[in-house]
There are 2 protein chains.
Amino acid sequence: MTKANRGDLFDPQCPTRRLLDRIGTKWTSMAVKVLAEAAPDEVRFAELRRRMPGISQKMLSVTLQSLARDGLVARRVEPTVPPRVHYRLTELGLSLEGPLAALRHWAERHMSEIDRNNRLEDARSSAG
Amino acid sequence: MTKANRGDLFDPQCPTRRLLDRIGTKWTSMAVKVLAEAAPDEVRFAELRRRMPGISQKMLSVTLQSLARDGLVARRVEPTVPPRVHYRLTELGLSLEGPLAALRHWAERHMSEIDRNNRLEDARSSAG
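Please read these numbers as outputs of a predicted model, since none were measured by experiment.

## Here's the deal with the pairing of strand 3 (residues 84-89) of chain A
Residue and element names in this part refer to chain A. Judged from the two bridges that link them, strand 1 (residues 43-44) and strand 3 form a sheet pairing that is antiparallel. Looking at the pairing, V43 lines up with Y87 of strand 3. Where strand 2 (residues 73-78) and strand 3 come together, six bridges link them in antiparallel fashion. When the bridges of strand 3 are listed, A74 appears paired with R88. Connecting strand 2 to the antiparallel partner strand 3 that follows it, the hairpin turn spans five residues.

## A short note on the UniProt feature "domain: HTH hxlR-type" (unreviewed entry) in chain A
Here, UniProt's "domain: HTH hxlR-type" (unreviewed entry) annotation points to residues 14-115 of chain A. A helix fraction of 65% and a strand fraction of 14% characterise residues 14-115 of chain A, whose end C-alpha atoms lie 34 Å from each other.

## Regarding helix 4 (residues 57-69) of chain B
The first and last C-alpha atoms of helix 4 of chain B sit 18 Å apart over 13 residues, in line with the 18 Å expected at 1.5 Å per residue. Restricting attention to buried positions, one finds in helix 4 of chain B the residues L60(B), T63(B), L64(B), L67(B) and A68(B). For helix 4 of chain B, the angular spread of buried residues about the axis comes to 135°, placing them on one side. Across helix 4 of chain B from its buried face, at more than 90 degrees, point the exposed residues K58(B) and Q65(B). Elements that come into contact with the buried residues of helix 4 of chain B comprise helix 5 (91-127) of chain A together with helix 2 (26-38), helix 3 (45-51), strand 2 (73-78) and strand 3 (84-89) of chain B. Two residues or fewer after helix 4 of chain B comes G71(B), characterised by a positive phi angle close to 80°.

Rules behind the numbers
Residues numbered from 1 in each chain as written. Chains lettered and ligands numbered in written order. Predicted model: local features only at pLDDT ≥ 70, side-chain atom pairs only at ≥ 80, totals over all residues. Heavy atoms only, no water. Pairing = 2+ DSSP bridges. Helix = DSSP H or I, 4+ residues; strand = E, 2+ residues; numbered from the N terminus. UniProt positions renumbered as here; feature names shortened; annotations may be inferred. Expected span 1.5 Å × (residues − 1). Buried < 20%, exposed > 50% of the residue type's maximum accessible area, 1.4 Å probe, protein only. Arc of directions from axis to C-beta. Contact = heavy atoms within 4.5 Å.

Shown next, in the form of structure tokens:
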């Protein structure tokens, strides 16, 4: 790949900025983790929802549509009545799990320290 | 650190979810990169803004406040008229640069492929 084909987060016109905001969310991180653990098997919509506690049906649809549009997730509709929809990570989607896992693990590992920092800073602000 | 002190992204009550949405944004990623490159030196607000093209003054303030509240960035006010504000990464903030860089590099490396996927999917949707 040539230099010109590479994204540049520091270029305001580059779509890398929007991409990063899409893939950096908690819901993308959770969906990719669940699908990566199941790979190469597919996962059904209802099962994905069960494995992502707190997500609404609407938000899961939007998340999966966005992942499919980016080519990270492949969707297969089984022509039953009602139709069953199956999802799996593409090769590109699988390559995203490593970076996302690193960020997820960092967040989980440092959560209690950051929670403590939040409380200290909030106490300082309300005192000042 | 005990298991109980570790965050769990898959627990709807766990603040790791909100944390991940804060640190996964393009602006956090860019601010942490600029500050990591300058470390251990400080960077002034105006210089940060110059190095993050497209960010508004308001959004940079909000981003830095959030990073300071999480204990990722330390702020020092120099009592000049007008006051000068200097920022640097804390040790915790420095430890975030690795995971963020991995995600940033993934996004930049795959941007053109994803851009192509977006165009293919959009053409397919409008045809269907």
